[in-house]
Amino acid sequence: MKNTLTNDEYRDMRFIGTQEVATVMGCSVPTARQIMHSEGFPAIKVGNRLCVMVSSFKEWAASQQVM
């Protein structure tokens, strides 16, 4: 079966873990873990790991604002 996803679609469907979230957000791993456990964050559990789909993470981050 031929892969019908574009590179951008494939990249957005990838999952990243706590370390990658920390790197992207510029925070420590414990802080990223705390954020990933917060209500409204689109994390899923894969075994013992918390992960988030890149596209969901982008949407979540875009919706955050400081008052």
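Everything below is about the structure shown above.
In this text the structure is predicted, and so the values were computed from the model without any measurement.

Q: Please explain the pairing of strand E3 (residues 49-53) as it appears in this structure.
A: Residues in a regular strand project their side chains so that they alternate between the two faces of the sheet. Bridge count for strand E1 (residues 15-17) against E3 is 3 bridges, and the pairing is antiparallel. Within the sheet, the bridge partner assigned to Phe15 lies in E3 and is Met53. Here strand E2 (residues 43-46) runs beside E3; their pairing, made up of 4 bridges, is antiparallel. Residue pairing for E3: Val46 is matched across the bridge by Arg49. Between the end of E2 and the start of E3, which pair antiparallel, lie 2 residues, with Gly47 showing a positive phi angle near 65°.

Q: Looking at this structure, I do not really get the nonpolar core. What am I missing?
A: Soluble globular proteins tend to pack their nonpolar side chains together in the buried interior. If you look at the biggest cluster of nonpolar residues, it comprises 12 residues: Ile16, Val21, Ala22, Ala32, Ile35, Met36, Phe41, Leu50, Val52, Val54, Phe57 and Trp60. Contributing elements (two or more residues each) for this core: helix H2 (18-25), helix H3 (29-37), E3 and helix H4 (54-63). What Met36 contacts, discounting residues up to four positions off in sequence, is Gly17, Thr18, Val21, Phe41, Ala43, Leu50, Cys51 and Val52.

Q: Before we go on, may I ask you to explain a nonpolar patch on the surface in this structure?
A: Together, Leu5, Tyr10 and Met13 make up an exposed nonpolar region whose accessible area comes to about 300 Å². Turning to its location among the elements, Met13 is positioned in helix H1 (residues 7-13).

Q: For this particular structure, what's the right way to read the packing of H2 against H3?
A: The axes of two packed helices give the description: the angle between them and the distance between them. For the pair H2 and H3, the least separation of the axes is 8 Å and the interaxial angle reads 105°. Classified by the angle their axes make, H2 and H3 are roughly perpendicular. From H2, Thr18, Gln19, Val21, Ala22 and Met25 reach across to H3, where they touch Val29, Ala32, Arg33, Ile35 and Met36. Among the residues making up the contact of H2 with H3, the classes are represented as 7 nonpolar, 2 polar and 1 charged.

Q: Hey, could you run me through the sheet that holds E1 in this one?
A: Two orientations exist for strands paired in a sheet by backbone hydrogen bonds: parallel and antiparallel. Pairing within the open sheet is antiparallel, and its 3 strands lie in the order E1-E3-E2. Looking along the sheet, the strands with just one partner apiece sit at the ends: E1 and E2. On average, each strand axis in the sheet is tilted by 45° relative to the strand beside it, whichever way the strands run. Contacting E1 and E3, H2 crosses the sheet at an angle of about 85° to E1. Strands in contact with H4 are E1 and E3; relative to E3, the strand with the most contacts, it is inclined by about 75°.

Reading the values: rules and limits
- Residues numbered from 1 in each chain as written.
- Predicted model: local features only at pLDDT ≥ 70, side-chain atom pairs only at ≥ 80, totals over all residues.
- Heavy atoms only, no water.
- Pairing = 2+ DSSP bridges.
- Helix = DSSP H or I, 4+ residues; strand = E, 2+ residues; numbered from the N terminus.
- Core = buried A, V, L, I, M, F, W, Y, C linked by side-chain atoms within 4.5 Å.
- Buried < 20%, exposed > 50% of the residue type's maximum accessible area, 1.4 Å probe, protein only.
- Contact = heavy atoms within 4.5 Å.
- Patch = residues over 30% accessible without salt bridge, like charges linked within 9 Å, V, L, I, M, F, W, Y side chains within 5 Å.
- Areas by Shrake-Rupley, 256 points an atom, 1.4 Å probe, with all protein chains shown as cover.
- Salt bridge = Lys/Arg side-chain N within 4 Å of Asp/Glu carboxyl O.
- Axes fitted to C-alpha atoms, helices over the stretch in contact; angles between N-to-C directions.
- Parallel < 35°, antiparallel > 145°, perpendicular 65-115°, else oblique.
- Nonpolar A, V, L, I, M, F, W, Y, C, P; charged D, E, K, R; others polar.

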